[in-house]
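Spelled out from the first residue to the last, the chains are:
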Amino acid sequence: MNRTASKVAKILDVDGLQVKRWALDFKDYLPAAANPAKGKVRMFNDGDLLVLMYVWYHWEEEPDVECIKVGLS
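These figures come from a predicted structure and were not determined experimentally.

Colleague: Can you help me understand helix H3 (residues 46-58) in this one?
Modeller: The α-helix winds at 3.6 residues per turn, so residues separated by three or four positions along the chain end up facing the same way. Taking 1.5 Å as the rise per residue, H3 with 13 residues should run 18 Å; its terminal C-alpha atoms sit 19 Å apart, in good agreement. Taken together, the buried positions of H3 are Asp48, Leu49, Val51, Leu52 and Val55. Along the long axis of H3, the arc covered by the buried residues comes to 160 degrees, so they all point the same way. Turned more than 90 degrees from where H3 packs its buried face, Leu50 and Tyr57 sit exposed. Taken together, the buried residues of H3 touch strand E1 (3-4), helix H1 (5-12), helix H2 (16-25), strand E2 (43-44) and helix H4 (65-72).

Written out as structure tokens, the structure is:
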């Protein structure tokens, strides 16, 4: 099932801009549809949602992005 950034934001109870930031920060773990060309809609599949759920779970006020990336690898 494909979801927009706003739907993913609702699932994770975060701001839509946070989802977009995570999509950029963790683009190596997401397909191109999560970071499309300008003017195209960002789409996330079930696997992408699992990646973002992992990021959400480990996100802190001062997140260790590299540590999260290691966990995703």
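Colleague: Got a minute to help me understand the side chain of Arg42 in this structure?
Modeller: Here Arg42 is to be found in the loop between H2 and E2. Of the side chains with opposite charge, Asp25 lies nearest to the buried Arg42, which makes no salt bridge, at 10.0 Å. Within the local environment of Arg42, its side chain forms a polar contact with the backbone oxygen of Ala34, the two atoms lying 2.9 Å apart. There is a polar contact of 2.8 Å between the side chain of Arg42 and the side chain of Asn35.

Colleague: I tried to follow the packing of H1 against H3 on my own but got confused; where do I start?
Modeller: Helix-helix packing is described using two parameters, namely the angle between the two axes and the distance between the axes. Where H1 contacts H3, the two axes come as close as 11 Å, and the packing angle between them is 45 degrees. By the angle between their axes, H1 is oblique relative to H3. Here H1 and H3 pass one another in a crossing that is right-handed. The segment H1 lies against H3, with Val8, Ile11 and Leu12 engaging Leu49, Leu52, Met53 and Trp56. Its residues assigned to classes, the contact of H1 with H3 comprises seven nonpolar, no polar and no charged.

Definitions and cut-offs
Residues numbered from 1 in each chain as written. Predicted model: local features only at pLDDT ≥ 70, side-chain atom pairs only at ≥ 80, totals over all residues. Heavy atoms only, no water. Helix = DSSP H or I, 4+ residues; strand = E, 2+ residues; numbered from the N terminus. Expected span 1.5 Å × (residues − 1). Buried < 20%, exposed > 50% of the residue type's maximum accessible area, 1.4 Å probe, protein only. Arc of directions from axis to C-beta. Contact = heavy atoms within 4.5 Å. Lys, Arg positive; Asp, Glu negative; His and termini not counted. Salt bridge = Lys/Arg side-chain N within 4 Å of Asp/Glu carboxyl O. Polar contact = N/O pair within 3.5 Å; in protein donor to acceptor, adjacent residues only side chain to side chain. Axes fitted to C-alpha atoms, helices over the stretch in contact; angles between N-to-C directions. Parallel < 35°, antiparallel > 145°, perpendicular 65-115°, else oblique. Left-handed = near helix turned anticlockwise from the far one by under 90°. Nonpolar A, V, L, I, M, F, W, Y, C, P; charged D, E, K, R; others polar.

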